[in-house]
Amino acid sequence: MVLNKTCLILLVAVVFISYIQTGSALECYTCSSLDNSTCGTPFNPAIVGVMKCMGNDNVCLKGSNHGTTVAVVTRGCGTKDSCHAYNKKCHTCNSDRCNSSNNAKFQFMLLPLVGITIVKSYL
């Protein structure tokens, strides 16, 4: 199938427009494994609360503190400096509900680059 130039331009425009962000607050999962066993591992986002970050809180975080008998996992909003409060691990991210795991996730911002590459191959 050969796409004409107009269709390709429209496709690229739609991809770029889909990445325009609105000014809404960041949303993060919020829980503590002390209160909710599904906050740790395994994590179940279906039964964990979500909160909108307020004030200076501009990242989602997942942190672990290890005590003498139990490891406590906490998820919520914070700043990059919030990781100093955790003695084991702390991960921050800055997209909605990104604190669901530590796994690398597909970077959706690469889609426009893929779209441009496809368009260039047809021109």
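Residues numbered from 1 in each chain as written. Predicted model: local features only at pLDDT ≥ 70, side-chain atom pairs only at ≥ 80, totals over all residues. Heavy atoms only, no water.

**Here we look at the pairing of strand E1 (residues 27-32)**
Then comes step 1: In terms of burial, E1 is largely enclosed, as five of its six residues are buried.
Then comes step 2: Pairing of E1 with strand E2 (residues 49-52), which is carried by four bridges, proceeds in the antiparallel orientation. Opposite Glu 27, over in E2, you have Lys 52 as the bridge partner.
Then comes step 3: Sheet topology places E1 next to strand E4 (residues 71-78); two bridges connect them, and they run antiparallel. (Buried < 20%, exposed > 50% of the residue type's maximum accessible area, 1.4 Å probe, protein only. Helix = DSSP H or I, 4+ residues; strand = E, 2+ residues; numbered from the N terminus. Pairing = 2+ DSSP bridges.)

**A closer look at the state of the cysteines**
Then comes step 1: Under the criterion given, the structure shown has five disulfides.
Then comes step 2: Disulfide pairing places Cys 53 opposite Cys 77 at an S-S distance of 2.0 Å. Classification of the bridge connecting Cys 53 and Cys 77 rests on its S-S torsion, roughly -85 degrees, and on that basis the disulfide is left-handed. With Cys 53 in the loop between E2 and strand E3 (59-66) and Cys 77 in strand E4, this residue pair connects regions lying 24 residues apart in the sequence.
Then comes step 3: The disulfide bridge from Cys 83 ends at Cys 90, spanning 2.0 Å between sulfur atoms. Linking Cys 83 and Cys 90, the disulfide has an S-S dihedral of approximately -65 degrees and is accordingly described as left-handed. (Disulfide = S-S within 2.5 Å.)

**Observations regarding the nonpolar core**
Then comes step 1: If you look at the biggest cluster of nonpolar residues, it comprises six residues: Leu 26, Cys 28, Cys 53, Cys 60, Cys 77 and Cys 98.
Then comes step 2: What Cys 53 contacts, discounting residues up to four positions off in sequence, is Ala 25, Leu 26, Cys 28, Val 59 and Cys 77.
Then comes step 3: Core analysis: the second largest hydrophobic core is formed by five residues, Tyr 29, Cys 31, Cys 39 and Phe 43 among them. (Core = buried A, V, L, I, M, F, W, Y, C linked by side-chain atoms within 4.5 Å. Contact = heavy atoms within 4.5 Å.)

**Description of the packing of aromatic side chains**
Then comes step 1: This model, assessed by the stated rule, comprises one aromatic pair.
Then comes step 2: For the pair Tyr 29 and Phe 43, a centre-to-centre distance of 5.3 Å together with 75 degrees between the ring planes defines the contact as edge-to-face. Of this pair, Tyr 29 sits in strand E1 while Phe 43 is found in the loop between E1 and E2, placing the two residues 14 residues apart along the sequence. Residue Tyr 29 shares its accessibility class with Phe 43, and that shared class is buried.
Then comes step 3: Seen from the ring of Phe 43, Arg 75 lies directly overhead, with NZ or CZ sitting 3.7 Å from the centre. (Phe/Tyr/Trp six-rings, centres within 6.5 Å; stacked < 30°, edge-to-face > 60°. Lys NZ or Arg CZ within 6 Å of the ring centre and 35° of its normal.)

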